[in-house]
Amino acid sequence: MKKIGILLIVIDICACICFFIFYGPISGFRDWLVTTSMTTMTHKYIAKTFYSEKMIENVLSRNYIEDFSESTNVDEVQIGNIKEIDSYTSVYEREVLEHNSDEDYKIIEFDYNGSHVFLAVLYDPSRVSLGMTEYLGVQGEFLKDISKKNNALVAINAGGFSDEGGFGNGGSPTGTVIKDGKIIWSNSYYSGKLAGFNNDNILVLTGDSPNIAIEKGMRDAIEFGPFLIVNGVEANIGGNGGWGINPRTALAQRKDGIVLFLVVDGNGYNSDWSARGGLGLSDVMTILKRYGAYNAVNLDGGASTTLVVNNELYNNPCSGSSATGEREIPNGWIFK
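Just so we're clear, the structure is a prediction, and the values are computed from it rather than from any experiment. Sequence order sets the numbering: in each chain, residues are counted from 1 along the sequence as written. The predicted origin of the model limits local features to residues at a pLDDT of at least 70 and limits the giving and counting of side-chain atom pairs to 80 or more, whereas totals for whole chains, interfaces and linings rest on all residues. Where side-chain values are given, they derive from all heavy atoms of the structure, hydrogens and water being excluded.

Novice: Give me the overall build of the protein chain: which residues, what numbers.
Specialist: What the protein chain contains, in helices and strands, is 8 helices and 19 strands. Remark: exposure states derive from per-residue accessible area (1.4 Å probe, protein chains only) relative to the maximum for the residue type, with buried under 20%, exposed over 50%, and partly exposed in between. Per-residue burial over the protein chain gives 50% buried out of 336 residues. Under the convention used here, a 1.4 Å probe and the Shrake-Rupley method define accessible areas, while residue burial counts only the protein chains that appear. Entry remark: accessible area of the protein chain is about 15500 Å², with carbon and sulfur atoms responsible for 52%. Counting from the N terminus, the helices are DSSP H or I runs at least four residues long and the strands are E runs at least two residues long.

Here it is, written out as structure tokens:
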């Protein structure tokens, strides 16, 4: 009886601790759980299991990222304006600009807040384009296959895709996709955030409609977001930004035209979904700003986050749908 009594006391204490963590006055865990699960395509049920719709709405209202009212000013980006200098303003500037003349790109790796980060520095933006699955509307492909078919040196995943019930095959992108100045895919999803490269190889982030964007010279683009940096100005973020903690992929360009592919790893595939790790959007924005990003956009993350270098998987994706952790996706930004 004494042992049973002790066990009941322990259970009672654990229940009290759990209740305090989930519903107590300190909202950190609650905000993390709600924003992380509600911004995935397949794990919204986790937040809905523990919290009411009203509570979820309250959490999301306190954790947000404001939309930009302006688009990229293309005149402020001077491609090729990379100067040889004897001294650098920071170690980050040195890491980007110091390279051999025959290097087309470099990969910078480091750890940030417990996550491993890959930053691909691409010196010629004219060599960045959008690679697509061959089976658009039917079936996605692994990024390494898209990369190989396009003879790419570096590739990252790009836009989102329909993923009802977590069983999407990557064949149907969300929103509009522009390739070579033409709309090759469009559906009812509308975010008002179009991100891609124009005919002058400048990364353009805009709220224009796809047709107007094409009239202004958009070459390749996807519909995704949020925008993180526009014309050197960082997004205004409330709380954790409303996107929780996840593996991340981001695309950016500096004022000198250098393109940055950013990939933030989680912990790889883990049956305990909550432990897959990653970073928040404010962390991603901080990293990109350090390396001189002048325009930057968040891309599809989580289980889609993938980096391929020389046709080989370079990061540690967290999807459980394949042996390597990769997911089949509709498109990727490639450098070739």
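Moving on, there is more to tell.
Novice: I'd like to hear about empty space enclosed by the protein, residue by residue, with values.
Specialist: Two kinds of site are reported from a 1 Å grid over the protein atoms alone, namely cavities, where a 1.4 Å probe fits but cannot get out, and pockets, open sets with protein on both sides within 12 Å along at least five of seven lines, and residues are called lining when an atom falls within 4 Å of a point. Grid points are joined across faces, edges and corners, and a volume is the space filled by probe spheres set on the points. Per the stated rule, a full pass over the model turns up 1 cavity of 30 Å³ or more. Taken as a whole, the largest cavity holds about 30 Å³ of empty space. Together, Gly 159, Gly 160, Pro 173, Thr 174, Thr 176, Val 177, Ile 222, Glu 223, Phe 224 and Asn 331 line the largest cavity. Amino acids are sorted into nonpolar (Ala, Val, Leu, Ile, Met, Phe, Trp, Tyr, Cys and Pro), charged (Asp, Glu, Lys and Arg) and polar (every other residue, Gly among them). Across the lining of the largest cavity, the residue classes break down as 4 nonpolar, 5 polar and 1 charged.

Novice: I'd like a rundown of the pattern of salt bridges, residues and numbers included.
Specialist: Each salt bridge in this description consists of a side-chain nitrogen of Lys or Arg and a carboxyl oxygen of Asp or Glu lying within 4 Å of one another. Taken as a whole and assessed by the stated rule, the structure comprises 11 salt bridges. The salt bridge involving Lys 179 is made with Asp 220; its shortest N-O contact spans 3.6 Å. With a gap of 41 residues between them, Lys 179 in strand E6 (residues 177-179) and Asp 220 in strand E10 (residues 218-223) connect regions that are remote in the sequence. Lys 216 is the partner of Asp 208 in a salt bridge, and the nearest nitrogen-oxygen pair spans 2.8 Å.

Novice: Outline the sheet that holds E10, supporting the account with residue identities and numerical values.
Specialist: A pair of strands is treated as paired once DSSP finds two or more bridges between them. Spatially, 5 strands are ordered E7-E6-E10-E8-E9 in an open sheet, and the strand pairing comes out antiparallel. Of all the strands in the sheet, just strand E7 (182-185) and strand E9 (203-206) have a single pairing partner and so form its edges. Geometrically, the sheet is characterised by an average inter-axis angle of 30° between neighbouring strands, direction not taken into account. Pairing analysis gives 3 bridges linking E6 to E7, with the strands arranged antiparallel. Residue Lys 179 lies in a different strand from E7, and its bridge partner there is Lys 182. Axis definition: a line fit to C-alpha positions, over the contact stretch in the case of helices; interaxial angles, taken between N-to-C directions, run 0 to 180 degrees.

Novice: Lay out the sheet that holds strand E18 (residues 312-313) with the relevant residues and their values.
Specialist: Strand order in the open sheet formed by 5 strands is E4-E19-E5-E17-E18, and the pairing between neighbours is antiparallel. The open sheet terminates on both sides in strands that have one partner only, identified here as strand E4 (128-132) and E18. The pairing of strand E5 (residues 154-157) with strand E17 (residues 307-309) spans 3 bridges and is antiparallel. Within E17, the position partnered with Val 154 by the bridge is Val 309.

Novice: Any chance you could break down the side chain of Thr 306 for me, citing the residues and the numbers?
Specialist: With respect to the element layout, Thr 306 can be found in the loop between strand E16 (293-298) and E17. Pairs of N or O atoms are called polar contacts if they sit within 3.5 Å, as long as, within protein, a hydrogen donor faces a hydrogen acceptor (for residues adjacent in sequence, only side-chain-to-side-chain pairs). A polar contact of 2.8 Å, which involves the side chain of Thr 306, links it to the backbone oxygen of Ser 304. If we ignore the near neighbours within four places in the chain, the residues touching Thr 306 are Leu 143, Ala 155, Ile 156, Asn 157, Thr 249, Val 263, Leu 313, Asn 315 and Pro 317. Residues count as neighbours in contact if any of their non-hydrogen atoms are within 4.5 Å of one another.

Novice: Which residues make up the environment of Ala 303, and what values go with them?
Specialist: In this fold, Ala 303 is placed in the loop between E16 and E17. With 16 residues separating them along the chain, Ala 303 and Ser 319 place their C-alpha atoms 4.6 Å apart.

Novice: I'd love a proper account of helix H8 (residues 281-290), names of residues and values included.
Specialist: Where H8 is concerned, the buried positions are Leu 281, Asp 283, Val 284, Met 285, Ile 287 and Leu 288. Downstream of H8 by a residue or two, Gly 292 has a phi angle that is positive, lying close to 90°.

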